[in-house]
Amino acid sequence: MTILADVRSRTRGWHRPSALAAATLGVVAVLCVAALIVDQRTLEGAPIWAKPLKFAVSGALYFATWSWLVSLLPRFRRTASRLTDFLVLIFAAEYVLLVFQAARGRASHFNNATPLDATIYNVMGKMIMGLWVATLVLTVLVMFTKLEDRASFWAVRAGAVLSLVGISLGILMTNPTAQQLAQWKTGGTPDMVGAHTVGLEDGGPSLPILGWSTVAGDLRIPHFVGMHALQLLPLLALALTALAPRFTRLRDDVVRTRLVLVGAAGYAGLTALVTWQALRAQSIVHPDAATLGAFALLVAGVALGAFAAVRVRVR
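Throughout what follows, the structure given in this document is the object of discussion. (Residues numbered from 1 in each chain as written. Predicted model: local features only at pLDDT ≥ 70, side-chain atom pairs only at ≥ 80, totals over all residues. Heavy atoms only, no water.)

**Details of helix α8 (residues 220-227)**
Here comes step 1: In terms of residue burial, α8 counts as a mostly covered element, since seven of its eight residues are buried.
Here comes step 2: Of the positions making up α8, those classed as buried are Arg-220, Ile-221, Pro-222, His-223, Val-225, Gly-226 and Met-227.
Here comes step 3: The inward-facing, buried residues of α8 contact α3 (50-71), α6 (150-168), β4 (217-218), α9 (229-243) and α10 (253-279). (Buried < 20%, exposed > 50% of the residue type's maximum accessible area, 1.4 Å probe, protein only. Helix = DSSP H or I, 4+ residues; strand = E, 2+ residues; numbered from the N terminus. Contact = heavy atoms within 4.5 Å.)

This is the structure:
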């Protein structure tokens, strides 16, 4: 059996439109890499095609995961399928607007500079709200997923909830900055309303491709970290299952479940930590003593939890 045939057999029951969306976005991501090479324009110091690339990769992961999750529902599958169809349509429309703005060399988010820019941003904002509501309902429906493996059972649920939290954290970026509020108070109209960066204006030194600020706080980090719990926690459950033949303790599904719950708690703590760090206008690459201390406590807590999960005798 070829690799392609094997993939088709494993995904035959998956939600088809979102699976196609994931595959399409994977191709689009490759095209964005080509665009980065050919078109070297920048916007606020970042390559113009970096944002479309990030959205394509993130969207591909998002839809591949939901395509799988919808197939696991023993109940409400038709409702979940329709909601996922809606997600595909909303994301596709938003992505077209994002690419349109990138091609024009204009910011797609927070842009209030011209009537067209403001209209596009307002439309995208309404689309994001629709996407959030649909994801909220899907997260509730995920609680009915049928999985025999208890570790995967809890990984899916915890991942869905944390992912919704991560998406919700995006609202922090829509708040006007102090400079924008000051401009309003003096009778001016700011070109941008909202920002990724805390402590400085958007732009400036940043990490390659990711674009996260290296000199100030960046609210895209907790948004990104939280949102992708939906992929990482189920992957943790799968990794523990794959390791079970080599490690006796992992053959017990109670132990694997405990480890997944510890991982979920640690992931929630990490999301809270990077949110706290960003809101204090601190760069992800320049943590202060308080951040490092909190991170050390988090790592220690996860390590102790994992040790207890493995060592405590299962009754």
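**Re α9**
Given 3.6 residues to a turn, an α-helix orients residues that are three or four positions apart in the same direction.
Here comes step 1: With 15 residues, α9 ought to run about 21 Å at 1.5 Å a step, and its terminal C-alpha atoms sit 21 Å apart, in line with that.
Here comes step 2: Buried within α9 we find Ala-229, Leu-230, Gln-231, Leu-233, Pro-234, Ala-237 and Leu-240. (Expected span 1.5 Å × (residues − 1).)

**Remarks on the side chain of Glu-94**
Here comes step 1: Tracing the backbone through its elements, the reader meets Glu-94 in helix α4 (residues 77-104).
Here comes step 2: The contact partners of Glu-94, leaving out residues within four places of it in the chain, are Phe-55, His-109, Met-124, Met-127 and Ile-128.

**Describing the environment of Ala-308**
Here comes step 1: With respect to the secondary-structure elements, Ala-308 resides in helix α11 (residues 289-311).
Here comes step 2: Relative accessible area serves as the criterion here: at 33%, Ala-308 is assigned to the partly exposed category.
Here comes step 3: Through-space distance from the C-alpha of Ala-308 to that of Met-227 is 28 Å; in sequence the pair is 81 residues apart.

**Description of the packing of α10 against α11**
Here comes step 1: α11 packs onto α10 with a crossing angle of 175° between their chain directions and a minimal axis gap of 9 Å. Considering their axes alone, α10 and α11 lie roughly antiparallel with respect to each other. Contacts between α10 and α11 pair Val-255, Arg-258, Leu-259, Val-262, Gly-266, Gly-269, Leu-270, Leu-273, Trp-276 and Gln-277 from the former with Ala-290, Thr-291, Ala-294, Phe-295, Leu-298, Val-302, Gly-305, Ala-306, Ala-308, Ala-309 and Val-310 from the latter.
Here comes step 2: A class-by-class count of the residues in the contact of α10 with α11 yields 15 nonpolar, five polar and one charged. (Axes fitted to C-alpha atoms, helices over the stretch in contact; angles between N-to-C directions. Parallel < 35°, antiparallel > 145°, perpendicular 65-115°, else oblique. Nonpolar A, V, L, I, M, F, W, Y, C, P; charged D, E, K, R; others polar.)

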